[in-house]
Amino acid sequence: MCYTFVMDSVDEHFMARALELAQLGRGLVEPNPMVGAVIVRPGEPGPEIIAEGFHAVFGGPHAEVQAMRAARQACRDVRGSTVYVTLEPCSHFGKTPPCADAIIAAGISRVVVAMLDPDEKVAGRGLKKLRQAGLTVDVGVCQAQARQLLGPYIKLRTQAKPWVICKWAQTADGAIALPSDAGRWISSEASREQVHKLRSYCDGVLVGTGTAQADDPLLTDRSGQAGPAARQLARVVLDSKLALPPESQLVRTANDSPVIVATTAQAIQDNPAKVRELDQAGVELLALPTSQAGLNINALLVELGRRQWTYLLVEGGSKVLNSFIASGQGDELWAFVSPAKLSSAELVQQPRFDLADVIAQGQYVEINSQTIGPDTLHKLRRVIDVGSAIADQGIPNTIS
């Protein structure tokens, strides 16, 4: 059996609403996917939404079930209706029963899906179950938008690595640090608030040891948008020499929020006293292999993927940012560009990581820009990212 791919304006309208709903789960459902569902009943003068739902919390009911519950609470009959869902309904027992079974039992007659689920536990089985039960199944409505939204989930399921967001602030002429007498912050307070919102849905934030020593940051989420208690932002430091000072804020707060120091087995062996001190403070030491460029970033991402991290935020200095981007490990870039400029003499003395240089290399394309206070936030993605290359990952567009 082959499932028809459709691009109907009515279907796109309702799927767009399902995609809006899906985003409400960001930072709350990971490592599960963000999913939205809309139940529509045909009628005159046109189809009508009778219920909506989204996956709201990890381990909680999925979007389809939430929508059907909302319909029951409103005393709306879903029999003969169409459900629009941004990801293939699951077909297996996990933390919740199979959504495909619930859809069949409810008497829904048509299911419109944006994309197949790359999870090997699903991977087309949910749609087969629906089709075998006699439901009409259409796949591919707003598929590109769904893949963009679910890029982090797709990467975790197909590559077993987290989605890497590289973030930095720069002056209009590309400096990512200011002279010592010019203050600490390049970006505005409004931009810094946006960074904390970004941290709120990430599993961890990473810097290099140079930034950790120079700025002595806390790297915590102070957005006030904390997710479930089980979700806690970890701080990661790339530190091949094991140079992180025990008196740093990161070390002193390791028992409050996890701190992982990624280093080498040799550094651990050569610094037994430092190892004991960090261990007593609650810091986790992670020994990584090395490459010519330093610590092996891919090995780090593999380990974080094993821990089911969905998002890693990289905030380190120019060397760390370049190591992720040049190696093709940065999936998304957030550049906060201030209107401020330095003098020629000042610019020569400050580290640079200019957005214009990154764009000129042709590996990234801008997907969005927005004004935040006096600054401009530019968001870019890799030209060939997980979402657009999904077919190359062995995930089919059709199933038979």
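Every value quoted in this text rests on a predicted model; they were computed, and no experiment measured them.

Asker: Describe the packing of helix α2 (residues 63-73) against helix α3 (residues 99-106), with residues and values.
Answerer: Axis separation between α2 and α3 bottoms out at 9 Å; the angle between their running directions is 30 degrees. What the angle tells us is that α2 and α3 run roughly parallel. Both α2 and α3 take part in a crossing whose hand is left-handed. Residue-level inspection shows E64, V65 and M68 of α2 in contact with α3, the latter providing C99, A102, I103 and A106.

Asker: So, the packing of aromatic side chains: which residues are in play, and what are the values?
Answerer: Enumeration over the complete set of coordinates arrives at 2 aromatic pairs. With a centroid separation of 5.4 Å and 40 degrees between ring planes, the pair formed by F14 and Y84 is classed as tilted. A residue pair is termed long-range when its members are at least 10 positions apart, and F14 in helix α1 (residues 9-22) and Y84 in strand β4 (residues 82-85) qualify at 70 residues. Side by side, F14 and Y84 carry an identical accessibility label, which is buried. Aromatic pair Y201 and Y311: ring centres 5.0 Å apart, planes at 70 degrees, arrangement edge-to-face. Taken together, the residues Y201 in the loop between α7 (189-200) and β8 (204-208) and Y311 in strand β14 (residues 311-314) connect sequence positions 110 residues apart. The ring of Y201 is capped by R26, whose NZ or CZ atom sits 5.3 Å from the centre of that ring.

Asker: Provide a residue-level description of the packing of α3 against helix α4 (residues 125-132), including the pertinent values.
Answerer: Interhelical geometry of α3 versus α4 gives an angle of 20 degrees and a closest axis separation of 9 Å. Taken together, α3 and α4 sit at an angle that is classed as roughly parallel. Both α3 and α4 take part in a crossing whose hand is right-handed. Residues A100, D101, I103 and I104 of α3 pack against G126, K129 and L130 of α4. Residue composition of the contact of α3 with α4, by class: 4 nonpolar, 1 polar and 2 charged.

Asker: Just give me the short version of the sheet that holds β14, but keep the residues and values in it.
Answerer: Pairing in this open sheet of 9 strands is mixed, and the strands run β11-β10-β9-β8-β14-β7-β15-β17-β16 from one edge to the other. Each end of this open sheet is capped by a strand with a single partner; those strands are β11 (284-287) and β16 (364-372). Within the sheet, the average angular offset between the axes of one strand and its neighbour, ignoring direction, is 20 degrees. Strand direction decides the pairing type here: β16 and strand β17 (residues 375-382), joined by 8 bridges, are antiparallel. Bridging from a neighbouring strand, S369 pairs with H378 of β17.

Asker: If you had to explain the pairing of strand β9 (residues 234-238) to someone new, which residues and values would you point to?
Answerer: Burial within β9 is extensive, with 5 of its 5 residues counted as buried. Residues of β9 alternate between two faces, with A234, V236 and L238 on one and R235 and V237 on the opposite face, all of them buried. Here β9 pairs with strand β10 (residues 259-263) via 4 bridges, running parallel. Across the sheet, the residue bridging to L238 is A262, located in β10.

Asker: An account of α4 is needed here, citing residue identities and associated values.
Answerer: Within α4, the full set of buried residues consists of G126, L127 and L130. Mapping the buried residues of α4 onto a view down its axis gives an arc of 95 degrees, with all of them on the same face. In this structure, the buried side of α4 is in contact with α3, β5 (110-113) and β6 (136-139). Phi turns positive, to about 95 degrees, at G134, one or two residues after α4.

Asker: Just give me the short version of the pairing of β8, but keep the residues and values in it.
Answerer: Walk down a regular strand and you will see the side chains alternate between the two sheet faces. For β8, a buried count of 5 out of 5 residues is recorded, marking the element as mostly surrounded by other parts of the structure. Covered by surrounding structure in β8 are G204, L206 and G208 together with V205 and V207, the residues of both alternating faces. Note: β8 against β9, 5 bridges, orientation parallel. Residue pairing for β9: L206 is matched across the bridge by V236. Pairing geometry for β8 and β14, over 3 bridges, is parallel. Its bridge partner lying in β14, G204 is registered against L312.

Asker: Got a sec to walk through helix α11 (residues 272-281)? Specific residues and values, please.
Answerer: Taken together, the buried positions of α11 are K274, V275, L278 and A281. Along the axis of α11, the buried positions cluster into a sector of 130 degrees, meaning they face one direction only. Residues of α11 that are exposed and point over 90 degrees away from its buried face: R276, D279 and Q280. On its buried face, α11 is in contact with α9 (249-252), α10 (265-270) and β11. Positioned one or two residues after α11, G282 has a phi angle of 95 degrees, which is positive.

Calculation rules
Residues numbered from 1 in each chain as written. Predicted model: local features only at pLDDT ≥ 70, side-chain atom pairs only at ≥ 80, totals over all residues. Heavy atoms only, no water. Axes fitted to C-alpha atoms, helices over the stretch in contact; angles between N-to-C directions. Helix = DSSP H or I, 4+ residues; strand = E, 2+ residues; numbered from the N terminus. Parallel < 35°, antiparallel > 145°, perpendicular 65-115°, else oblique. Left-handed = near helix turned anticlockwise from the far one by under 90°. Contact = heavy atoms within 4.5 Å. Phe/Tyr/Trp six-rings, centres within 6.5 Å; stacked < 30°, edge-to-face > 60°. Buried < 20%, exposed > 50% of the residue type's maximum accessible area, 1.4 Å probe, protein only. Lys NZ or Arg CZ within 6 Å of the ring centre and 35° of its normal. Nonpolar A, V, L, I, M, F, W, Y, C, P; charged D, E, K, R; others polar. Pairing = 2+ DSSP bridges. Arc of directions from axis to C-beta.

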